[in-house]
Protein chains: 2
Amino acid sequence: MVVDVMLKPEILDPQGQAILGALPSLGVSGIAAVRQGKHFEIDVDGEMDEDALGRIRDLAGTLLANPVIEDFALRVEG
Amino acid sequence: MVVDVMLKPEILDPQGQAILGALPSLGVSGIAAVRQGKHFEIDVDGEMDEDALGRIRDLAGTLLANPVIEDFALRVEG
């Protein structure tokens, strides 16, 4: 299971801005925007069922993301 | 375009370990493993063509990920 956490679009992202600002001096052109977030890969004990999904959603919304300033997305992978 | 950067599987991930270790005291059970990485959302100027993809791949392999200890994955989104 994958959880991606990003700052909400209206929140300034200084990490992404720093990367974007560094690109010209590194010779990379044609990039319009960069935003950085966090990526978590989570393995559960046993089956990935509705119950496990609920637990991961709770975990993402409380421990992994700060819901005041961040959005998260869940994705099944592998 | 999305770039996900993760520590290689053989590299110890202290952030993921810290999250996993904190779960029991937060009342979350049934999680076997957590690994944390970075997630980047990149917009390009103009069309997302082969050339733009090549630029993003170079960027990911040099600036966003440290190829000695990290793997990265590219994914088209949206």
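Since the structure is predicted, the reported quantities are computational estimates derived from the model, not experimental observations.

Caption draft 1: Region of the structure containing the interface of chain B and chain A. Counting residues at the interface gives 28 residues for chain B, matched by 28 residues for chain A. In total, chain B and chain A occlude about 2,500 Å² of area from one another, counting both sides; carbon and sulfur atoms represent 62% of this. Counting the contacts that link chain B with chain A gives 2 salt bridges. The closest approach of N and O atoms between Asp-4 of chain B and Arg-75 of chain A, which form a salt bridge, is 3.7 Å. Along the contact surface separating chain B from chain A lie 16 residue pairs in polar contact (both at pLDDT 80 or more). Secondary structure elements with two or more residues in the side of chain B that touches chain A: strand E1 (2–7), strand E2 (31–44) and helix H2 (50–64) of chain B. No other element matches E2 of chain B, which puts 14 residues into the side of chain B that touches chain A. Taken together, the residues of the side of chain B that touches chain A sort by class into 15 nonpolar, 5 polar and 8 charged. Taken together, the 13 bridges between strand E2 (residues 31–44) of chain A and E2 of chain B define a ladder with antiparallel strand orientation.

Caption draft 2: Structural context of the confidence of the model for chain A. Residues and elements named next belong to chain A. Per-residue confidence for chain A gives a mean pLDDT of 93; residues scoring 70 or more make up 99%. Confidence scores differ between elements of chain A, with helix H2 (residues 50–64) showing the lowest mean pLDDT of 91 and strand E1 (residues 2–7) the highest of 97. Listed scores for the predicted complex are pTM 0.91 and ipTM 0.90.

Caption draft 3: Molecular detail of the relation of the copies chain B and chain A. Its rotation angle being 180°, the transformation that places chain B on chain A also includes 0.0 Å of axial translation and leaves an RMSD of 0.0 Å. These values place the two chain copies in the arrangement generated by a two-fold rotation axis. When C-alpha positions in chain B are compared against the rotation axis, the closest is assigned to Lys-38 of chain B, at 2.3 Å. A shared binding surface is used by both copies, with 100% of the interface residues of chain B retained as interface residues in chain A.

Caption draft 4: The pairing of E1 of chain A, seen in detail. All names here are of chain A. Taking burial as the measure, the 6 residues of E1 include 6 buried ones, the bulk of the element. Of the two faces of E1, both are covered, the one formed by Val-2, Asp-4 and Met-6 as well as the one formed by Val-3, Val-5 and Leu-7. Pairing analysis gives 4 bridges linking E1 to E2, with the strands arranged antiparallel. Note that in E2 the partner of Asp-4 across the bridge is His-39. Bridging between E1 and strand E3 (residues 70–75) involves 6 bridges; their strand directions are antiparallel. Within the sheet, the bridge partner assigned to Leu-7 lies in E3 and is Glu-70.

Caption draft 5: Representation of the environment of Ile-69 of chain A in the model. Residues and elements named next belong to chain A. Mapped onto the fold, Ile-69 is located in the loop between H2 and E3. C-alpha separation for the pair Ile-69 and Met-6, spaced 63 residues apart in sequence, amounts to 8.7 Å. Setting aside residues up to four positions removed in sequence, Ile-69 forms contacts with Met-6, Leu-7, Lys-8 and Ile-11.

Caption draft 6: Region of interest: the sheet that holds E2 of chain A. The 6 strands are arranged E3(A)-E1(A)-E2(A)-E2(B)-E1(B)-E3(B) in an open sheet whose pairing can be described as antiparallel. Lying at the two open borders of the sheet, with one neighbouring strand each, are E3 of chain A together with strand E3 (70–75) of chain B. Averaged over all pairs of adjacent strands, the angle between their axes in this sheet comes to 25°, without regard to strand direction. Across the face of the sheet, H2 of chain B comes into contact with E2 of chain A together with E1, E2 and E3 of chain B while running at roughly 155° to E3 of chain B.

Cut-offs and rules
- Residues numbered from 1 in each chain as written.
- Chains lettered and ligands numbered in written order.
- Predicted model: local features only at pLDDT ≥ 70, side-chain atom pairs only at ≥ 80, totals over all residues.
- Heavy atoms only, no water.
- Contact = heavy atoms within 4.5 Å.
- Buried area = accessible area lost by both parts, 1.4 Å probe.
- Salt bridge = Lys/Arg side-chain N within 4 Å of Asp/Glu carboxyl O.
- Polar contact = N/O pair within 3.5 Å; in protein donor to acceptor, adjacent residues only side chain to side chain.
- Helix = DSSP H or I, 4+ residues; strand = E, 2+ residues; numbered from the N terminus.
- Nonpolar A, V, L, I, M, F, W, Y, C, P; charged D, E, K, R; others polar.
- Pairing = 2+ DSSP bridges.
- pLDDT = per-residue confidence, 0-100.
- Least-squares fit on C-alpha atoms with pLDDT ≥ 70 in both.
- Buried < 20%, exposed > 50% of the residue type's maximum accessible area, 1.4 Å probe, protein only.
- Axes fitted to C-alpha atoms, helices over the stretch in contact; angles between N-to-C directions.

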